[in-house]
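Residue strings, one per chain:
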Amino acid sequence: MPGGGTAELTGVVAGWAAGLLTDPGLAGLAVAALGEGEGGAGSSAEFRRLLAPDDGDRRAAALLRHPDLLAPVAELHLDQLLDRLGPGRTLAA
């Protein structure tokens, strides 16, 4: 983040996390993009709680996954996240 400080970086990370927690398709795209990087990111089983949360995961993080609560935060940096997950971009875990 050129010119950005810790607060800006924190906001971006929070926005990306909100997007990944509330949109299973976006989470799958992110995990797939990690797998394309150097050395891959391991198996999708490592990301089970993100990709396929069970009932216990949902109960433990009900507010963290609530789309009505997270949508405003997720939308703040969604375009930037989608750009990073686009074809030809390399990600590191």
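Read on for an overview of the structure.

Conventions adopted
Residues numbered from 1 in each chain as written. Predicted model: local features only at pLDDT ≥ 70, side-chain atom pairs only at ≥ 80, totals over all residues. Heavy atoms only, no water. Salt bridge = Lys/Arg side-chain N within 4 Å of Asp/Glu carboxyl O. Helix = DSSP H or I, 4+ residues; strand = E, 2+ residues; numbered from the N terminus. Expected span 1.5 Å × (residues − 1). Contact = heavy atoms within 4.5 Å. Polar contact = N/O pair within 3.5 Å; in protein donor to acceptor, adjacent residues only side chain to side chain. Core = buried A, V, L, I, M, F, W, Y, C linked by side-chain atoms within 4.5 Å. Buried < 20%, exposed > 50% of the residue type's maximum accessible area, 1.4 Å probe, protein only.

### Some words on the pattern of salt bridges
So, point 1. Tallied over the full model, the rule gives four salt bridges.
So, point 2. Across the pair D57 and R49 runs a salt bridge, and its minimum N-O distance is 2.9 Å.
So, point 3. Ionic contacts of the salt-bridge type, sharing partners, join the residues R48, R49, D54 and D57 into one network.

### A short note on helix 2 (residues 24–36)
So, point 1. Over its 13 residues, helix 2 extends 19 Å from the first C-alpha to the last, a length consistent with the 18 Å expected when each residue adds 1.5 Å.
So, point 2. Considering only its buried residues, helix 2 is in contact with helix 1 (6–22), helix 3 (48–51) and helix 6 (78–84).
So, point 3. Measuring from the side-chain oxygen of the N-cap residue of helix 2 to the backbone nitrogen of G25 gives 3.0 Å; that N-cap residue is D23.

### A closer look at the nonpolar core
So, point 1. Core analysis: the largest hydrophobic core is formed by eight residues, namely V12, W16, L20, L26, A30, A33, L81 and L85.
So, point 2. Leaving out residues up to four positions away in the same chain, L81 has contacts with W16, L20 and L26.

No statement about biological role is implied by the geometric values presented.
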